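Below, each chain spelled out in residue letters.
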Amino acid sequence: MDIKKPIFMQQALQGRKGFPAFVEVIIALGVFLVSSIVMSIGMLPIMVVYFMSDDKFVELAQNAMSGNMDDTQYYQTIQKLATSIPDWMMILTLVLELFMIAVVFLYCRVIEKRKLNTLGFRRKGMMKGYLAGALGGVLFFSVAYLFCVVTGSIQIQGIAKHISGWYILGYLAGYMVQGMAEEVLCRGYLFVSLSRRYSVLYSAVLSAVFFALLHGANSGLSALAVINLFLFGLFAAFLLVRYENIWIVGAFHSLWNFVQGNLYGIQVSGNSLQPSLLVSKSKGSMALLNGGSFGLEGGLGVTIVLTVGIIWLWRSMKKQGKIVVRQQAVPSGYENETPQQNMPNGYDNGTAAHDQTNTAMPEQNRFAGGFPVEEQYWSQASGNEQQTAKSYQGENMGVSEGETPWRPQQEQEAEEEVRFDANYFKD
């Protein structure tokens, strides 16, 4: 079984032929690193100003320079400062992932000569698709959250006392950029690029593996978290093929992150807690269900939801006719030939050896008697076929001289342009 290539994937073939899989992965990793460097350059002056105005950081720098702090204490303090980055800086980091989208666009347009619609972008129904994807992201994660609440692995402690509306809106804007950026890189670029050379299903699996590895350095990562990241990548790839619209996929990803971090108060892929509407507490003894310090994405609740979603998308694509059965390769020169069961009843058994190779004679080269007169076919005939033809030489078949059982005399005279050579079988 395989997935039929959508139109936008077929259009990607009009640019440059795809590279081998490892080359495509290296290119995607290079695009990610370049965009990260550009983002760091944009953040550098802002971070310098912020840390220089922080008394704790200034004290840390002075102690490090004077040698009054050992390496263990130094790294612990650095880690503490890194996790205490203010929300406005986190939002800015998310928004700066616009550079990732820009780098992918630039590479596809300038280097590979690909139009942006080959990434899955569509103008028609853009807003409708985005809203549908956003609603799907909210719904799917809410089901996983409800599963954890029902099983008791998560307790809702109520509404947050100090709700910062501006920060929550800022995170919504940041995740709208961040979710789309990751989908443009992993699905719009890598998934589609792999499909130029490989099957859609294989490309979806490989791009999902790449997506999971991008989160390999996140805090609290577990084996189940890696599996869930892979399932999310596979789900997103199927979602792109099903609706052929990356706006839906990007919106799903963005709201998936926003809801868990800023609506339910859950850690997003191991990152620190963010301002949220609800306060949720995870039970440490039930980390298998709630994901522990990685957040719900490391628990069984998300595993179940994503698995059901993948099965639903597969069945939906099957109803659309996008799930196809791979055809076996046909030997060169026999692509248009007819199966043996469709041959006339008079076709002689002497050709059985040839028919067993899943090939048959072209229809236009048969006569009513069942013997072909195509020179190319007879040059490839088996010994049984040639012996069958020779058995007719010299026999009187009740026809006049010059006639043949396949081409009566009157038919030859009516078709002067096409004459049958009675000496054909003597060669």
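The rules behind these values
- Residues numbered from 1 in each chain as written.
- Predicted model: local features only at pLDDT ≥ 70, side-chain atom pairs only at ≥ 80, totals over all residues.
- Heavy atoms only, no water.
- Salt bridge = Lys/Arg side-chain N within 4 Å of Asp/Glu carboxyl O.
- Helix = DSSP H or I, 4+ residues; strand = E, 2+ residues; numbered from the N terminus.
- Buried < 20%, exposed > 50% of the residue type's maximum accessible area, 1.4 Å probe, protein only.
- Polar contact = N/O pair within 3.5 Å; in protein donor to acceptor, adjacent residues only side chain to side chain.
- Contact = heavy atoms within 4.5 Å.
- Phe/Tyr/Trp six-rings, centres within 6.5 Å; stacked < 30°, edge-to-face > 60°.
- Core = buried A, V, L, I, M, F, W, Y, C linked by side-chain atoms within 4.5 Å.
- Axes fitted to C-alpha atoms, helices over the stretch in contact; angles between N-to-C directions.
- Parallel < 35°, antiparallel > 145°, perpendicular 65-115°, else oblique.
- Left-handed = near helix turned anticlockwise from the far one by under 90°.
- Nonpolar A, V, L, I, M, F, W, Y, C, P; charged D, E, K, R; others polar.

(A) Layout of the pattern of salt bridges. Under the definition given, this model contains 5 salt bridges. When the shortest N-O distance is used, the salt bridge between E244 and K322 registers 3.0 Å. Of this pair, E244 sits in the loop between α10 (223-243) and α11 (246-263) while K322 sits in the loop between α13 (300-320) and β4 (323-324), and the two are 78 residues apart along the sequence. Since its relative accessible area comes to 22%, E244 is described here as partly exposed. Owing to a relative accessible area of 11%, K322 belongs among the buried residues under this scheme. One salt-bridge network, held together by shared partners, links E24, E112, R114 and R196.

(B) Region of interest: the side chain of S254. Mapped onto the elements, S254 comes out in helix α11. Judged by its relative accessible area of 1%, S254 is buried. Reaching out from S254, the side chain makes a polar contact with the backbone oxygen of Y175 at a distance of 2.8 Å. The contact partners of S254, leaving out residues within four places of it in the chain, are Y130, Y175, M176, G179 and M180.

(C) Up close: the packing of aromatic side chains. Counted by the stated rule, this structure contains 17 aromatic pairs. When the centroid spacing of 5.4 Å and the interplanar angle of 75° are considered together, the rings of F140 and F252 count as edge-to-face. With a gap of 112 residues between them, F140 in helix α7 (residues 126-151) and F252 in helix α11 connect regions that are remote in the sequence. Judged by its relative accessible area of 17%, F140 is buried. Since its relative accessible area comes to 4%, F252 is described here as buried. Between F252 and W256 the ring centres are 6.0 Å apart and the planes differ by 25°, which places this aromatic pair in the stacked class. With F252 and W256 both in helix α11 and 4 residues apart, this pair spans about one turn of that helix. Looking at W256, the relative accessible area reads 0%, which means it is buried.

(D) Local environment of the nonpolar core. The biggest cluster of nonpolar side chains holds 80 residues, and the ones touching the most others in it are Y189 and L296. In terms of residue count, the dominant contributor to this core is helix α8 (residues 165-195) (13 residues).

(E) Summary view of the packing of helix α5 (residues 87-95) against α8. Where α5 contacts α8, the two axes come as close as 7 Å, and the packing angle between them is 25°. When the axes of α5 and α8 are compared, the pair comes out roughly parallel. For the pair α5 and α8, the crossing hand works out as left-handed. Only Y167, G170, Y171, G174, Y175, V177 and Q178 of α8 make contact with α5, whose side of the interface consists of D87, W88, M90, I91, L94 and V95. Its residues assigned to classes, the contact of α5 with α8 comprises 9 nonpolar, 3 polar and 1 charged.

So far we have only geometry, and geometry alone does not tell us how the molecule works.
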